[in-house]
Amino acid sequence: MSSFPTAIENLIVQLARLPGVGPKTAQRLAFHLLSLELGSVRELADAIMIAKETIGYCEQCFNLAEGNMCRICQDQSRKGEILCVVEDPRDIAAMERTHDFKGLYHVLQGAISPMEGIGPDQLRVRELLERLKEDGINEVIIATNPNIEGEATALYLARLIKPLGILVTRLAHGLPIGGDLEYADEMTISRALEHRRQI
Amino acid sequence: MWIESAILQDFRNYTQQRVDFSPHLNLILGDNGEGKTNLLEALFLLSTTRSHRTNQDKDLVRFGEQFYYVGCKVNKKNHTERIEVGYSLERRQKIAKLSGVPLARLSELIGVLNVVLFSPEDLELVKGSPGGRRRFLDIFLSQLRRGYVGELQQYNKVMAQRNDCLRLIQSRRFAEDVLCSWDEQYAKLAVSISNIRRQMMEDFAPQFQAFAQRISGRENLTVKYSESLAGMDEISLLRRLETLRPGEIVRGTTSLGPHRDDILFLIDGRQASLYASQGQQRTAVLALKLAELSYLQHATGEAPVLLLDDVFSELDEIRKEALVGVISGEVQSFVTGTRDTDLNLMQGTGNPMKRFVVEQGRVM
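All of these numbers come straight from a predicted model, not from anything done at the bench.

**Q** What should I look at first to understand the environment of His106(A) in this one?
**A** Residue and element names in this part refer to chain A. With respect to the secondary-structure elements, histidine 106 resides in strand 4 (residues 104–107). For histidine 106, a relative accessible area of 0% corresponds to the buried category. Measuring from C-alpha to C-alpha, the distance between histidine 106 and arginine 196 comes to 28 Å, with 90 residues separating the pair along the chain. Residues within four places of histidine 106 in sequence aside, it is in contact with Gln60, Cys61, Phe62, Leu83, Cys84, Val85, Val86, Arg124, Glu127, Leu128 and Arg131. There is a polar contact of 2.9 Å between the side chain of histidine 106 and the backbone oxygen of arginine 124.

**Q** How should the domain arrangement of chain A be read in this particular structure?
**A** A common way to express how large an interface is: the accessible area buried when the components associate. According to the domain assignment, chain A consists of domain 1 (6–54) and domain 2 (77–170). Of note, the centres of domain 1 of chain A and domain 2 of chain A, computed from C-alpha atoms alone, are 35 Å apart.

**Q** How should I be thinking about the domain arrangement of chain B in this particular structure?
**A** Residues and elements named next belong to chain B. You can read the domains of chain B as domain 1 (1–114 + 303–364) and domain 2 (126–301). When each unit is reduced to the centre of its C-alpha atoms, the spacing between domain 1 and domain 2 is 28 Å. The partner domain 2 presents 18 residues to the 24 residues of domain 1 that form the contact. Interface of domain 1 and domain 2: buried area, both sides summed, is about 1800 Å²; carbon and sulfur atoms make up 60% of it. Interface area lost by domain 1 to domain 2 is led by Ile110, Asn114 and Arg319, which between them contribute 29%.

**Q** I would appreciate a short explanation of the pairing of strand 5 (residues 139–142) of chain A in the present structure.
**A** In summary, the side chains of a regular strand alternate between the two faces of the sheet. Residues and elements named next belong to chain A. Here strand 5 shows no split at all, with Glu139 and Ile141 on one side and Val140 and Ile142 on the other all buried. As defined by bridge partners, strand 3 (residues 82–86) adjoins strand 5 across four bridges and the pair is classed as parallel. Paired with isoleucine 82 across the bridge in strand 5 is glutamate 139. Pairing of strand 5 with strand 6 (residues 167–170) involves four bridges; the strand directions are parallel. Looking across to strand 6, one finds that isoleucine 142 is bridged to arginine 170.

**Q** Can you help me understand the environment of Phe11(B) in this one?
**A** Residue and element names in this part refer to chain B. Mapped onto the secondary structure, phenylalanine 11 falls in strand 1 (residues 2–11). Using a relative accessible area of 0% as the deciding quantity, one classes phenylalanine 11 as buried. Along the backbone, phenylalanine 11 and leucine 39 are 28 residues apart, and their C-alpha atoms lie at a distance of 9.0 Å. Setting aside its immediate chain neighbours within four residues, phenylalanine 11 contacts Asn38, Glu41, Ala42, Leu60, Arg62, Tyr68 and Val70.

**Q** Before we go on, may I ask you to explain the interface of chain B and chain A in this structure?
**A** The partner chain A presents 21 residues to the 23 residues of chain B that form the contact. Roughly 1900 Å² of surface becomes buried between chain B and chain A when both sides are summed, with 64% attributable to carbon and sulfur atoms. Three residues stand out in chain B for area buried against chain A, namely Gln161(B), Phe174(B) and Gln185(B), and they jointly supply 26% of the buried area on that side. Our enumeration of links across chain B and chain A arrives at two salt bridges.

**Q** Sorry if this is basic, but what is going on with the sheet that holds strand 11 (residues 270–271) of chain B here?
**A** Pairing between the strands of a sheet comes from backbone hydrogen bonds, and it takes one of two forms, parallel or antiparallel. All names here are of chain B. Spatially, 9-10-11 is the arrangement adopted by the three strands of the open sheet, whose pairing is antiparallel. Pairing within the sheet leaves two strands with one partner each, and these edge strands are strand 9 (221–226) and strand 11. Of the strand pairs in this sheet, strand 10 (residues 262–267) and strand 11 are connected by two bridges, and their pairing is antiparallel. Considered in strand 11, the bridge of leucine 266 is made with glutamine 271.

**Q** Looking at this model, I keep getting lost on helix 2 (residues 23–35) of chain A. Mind explaining?
**A** Every α-helix carries 3.6 residues per turn, so stepping three or four residues along brings you back to the same face. Residue and element names in this part refer to chain A. The end-to-end C-alpha distance of helix 2, which contains 13 residues, comes to 19 Å, matching closely the 18 Å that a straight helix rising 1.5 Å per residue would cover. For helix 2, the complete set of buried residues consists of Ala26, Ala30 and Leu33. Seen from one end, helix 2 has its buried residues packed into an arc of 65°, which puts them on one side. The outward face of helix 2, more than 90 degrees from its buried face, is lined by the exposed residues Lys24, Arg28 and Ser35. Where helix 2 is buried, its residues touch helix 1 (6–16) and helix 3 (38–54).

**Q** So what exactly am I meant to see when it comes to the environment of Glu4(B) here?
**A** Residues and elements named next belong to chain B. By the secondary structure assignment, glutamate 4 is in strand 1. Spatially, the C-alpha atom of glutamate 4 lies 7.1 Å from that of serine 22, the residues being 18 residues apart in sequence. For glutamate 4, the residues in contact, after removing those within four places along its chain, are Val19, Asp20, Phe21, Lys73, Asn75 and Thr80.

**Q** Just checking my understanding: could you explain the nonpolar core for this structure?
**A** Within soluble globular proteins, side chains that are nonpolar generally end up buried alongside one another. Counting residues in each nonpolar core, the largest one holds 112 residues, and the members touching the most others are Val140(A), Leu157(A), Phe204(B), Phe208(B), Leu237(B) and Leu308(B). Ranked by residues supplied to this core, first place goes to helix 4 (residues 178–216) of chain B with 18 residues. Discounting chain neighbours no more than four positions away, the residues touching Val140(A) are Leu83(A), Val85(A), Leu132(A), Ile161(A), Ile166(A), Leu167(A), Val168(A) and Thr169(A). Of all hydrophobic cores here, the second largest spans 39 residues; its members include Leu40(B), Val70(B), Phe334(B) and Phe356(B).

Here is what the cut-offs are and how they apply
- Residues numbered from 1 in each chain as written.
- Chains lettered and ligands numbered in written order.
- Predicted model: local features only at pLDDT ≥ 70, side-chain atom pairs only at ≥ 80, totals over all residues.
- Heavy atoms only, no water.
- Helix = DSSP H or I, 4+ residues; strand = E, 2+ residues; numbered from the N terminus.
- Buried < 20%, exposed > 50% of the residue type's maximum accessible area, 1.4 Å probe, protein only.
- Contact = heavy atoms within 4.5 Å.
- Polar contact = N/O pair within 3.5 Å; in protein donor to acceptor, adjacent residues only side chain to side chain.
- Domains from an automatic or database assignment.
- Buried area = accessible area lost by both parts, 1.4 Å probe.
- Pairing = 2+ DSSP bridges.
- Salt bridge = Lys/Arg side-chain N within 4 Å of Asp/Glu carboxyl O.
- Expected span 1.5 Å × (residues − 1).
- Arc of directions from axis to C-beta.
- Core = buried A, V, L, I, M, F, W, Y, C linked by side-chain atoms within 4.5 Å.

Encoded structure:
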């Protein structure tokens, strides 16, 4: 199939397994790596190995963590009474960029999607309920994605959490800031209309 | 609105073709298999983003080629718009452009060019499966209301997830309470789509009846929206779903909702799908199409384009005249036929018309 030595071929195959990398990009990356000095390549290889070996999940919120607990859970200045539930650790990064949220997080590690065989048992739902029973949490903000799977997950969690006497809220749906109304799609506008508020 | 010109590249049996049309009547003549229908198919695709004959875009690429490209210039009330649709076989990707700007979603194209297509397959509409009638309803509504397609797609996605959820509950991999999270979204979308369809059909039914009366002169032909939800609101639907749940879990499918809707044709109150003669079916379909055209014209303020694929030969004199009455109005129409058909009636319209002869994928 190809005229490359086996080692290069193998490298290309490995790189092509990464998300967003096709065969052509994989080939370009492989040749770039080969052109680097040995030290730089070792740095990259070490970085991958160290990250993989030292990063695990926070035992409290299931965010990515170095050690048993993530930085946010360790931070004493954060308010323990408000919990924000997200699908993915990347969503925490997005929330943190705002600097507006001072509470703690809980990462579900996905959303309910029967098509992919993902139900509550495949998510960190049981762990969330355990947390809610123990700690003094009085509000849960559900920040799952605004698609049908995220919505289903939010509705499911709300049904479970409300009976515990905890306030359950959902991030608002609406128009993007700085955008033009005329460019927004119909679904977004009708949601924004539905959830309009008094000023 | 009317189509000024169209371009077809490697589409069906066309290699490269540009055609300038008349704003009134366009007669497209030729023997069978030369490419008359393919030309109308291209115009239909530019309106709805899909072919009326196949769901597979690869079938539309000319044999041995990698892409197809179709485009047209639409003259609307105050301005012109350029519509382009292209498909790459290799990437399995279809893209659409509106006046040069690529669209993020194909569905954004729907409603720019409105067409009413009448093809021989439509003659099955009365006696055929409900799916064909729902398709008619959905294409009609998508041209009328901008958000409809998006909502329908959302509905289908939620229903697919809900059905999978039912099956997983059946096999005991999911607990039953997971279903509630889908039911709420499902009920909201189902009720919304039913409401849109019901409202439209209430307005539409009298217009249909008037056209049917005009064509046949006597029969009392009516059309009725047969609604799966029967006027339920979200709360009553959710309650109903709860009682249906055991059965739904056994079957693994959603038993109630717009995907079960139908349009009923009635002759003197009796269901036409059981009793209608060939002639009555033709009257019903013709009235349906003419009423669709008139409805779209009033609702959008602009007449849609009428595409008549080979149906003239299927109609008798009375029905032909009814059709010609419409063609002679302000509506731009495309009529296909073999060389020796239909000409006499057409010339009677007095409107300027253009004749095209199609031969082996080329328009002369």
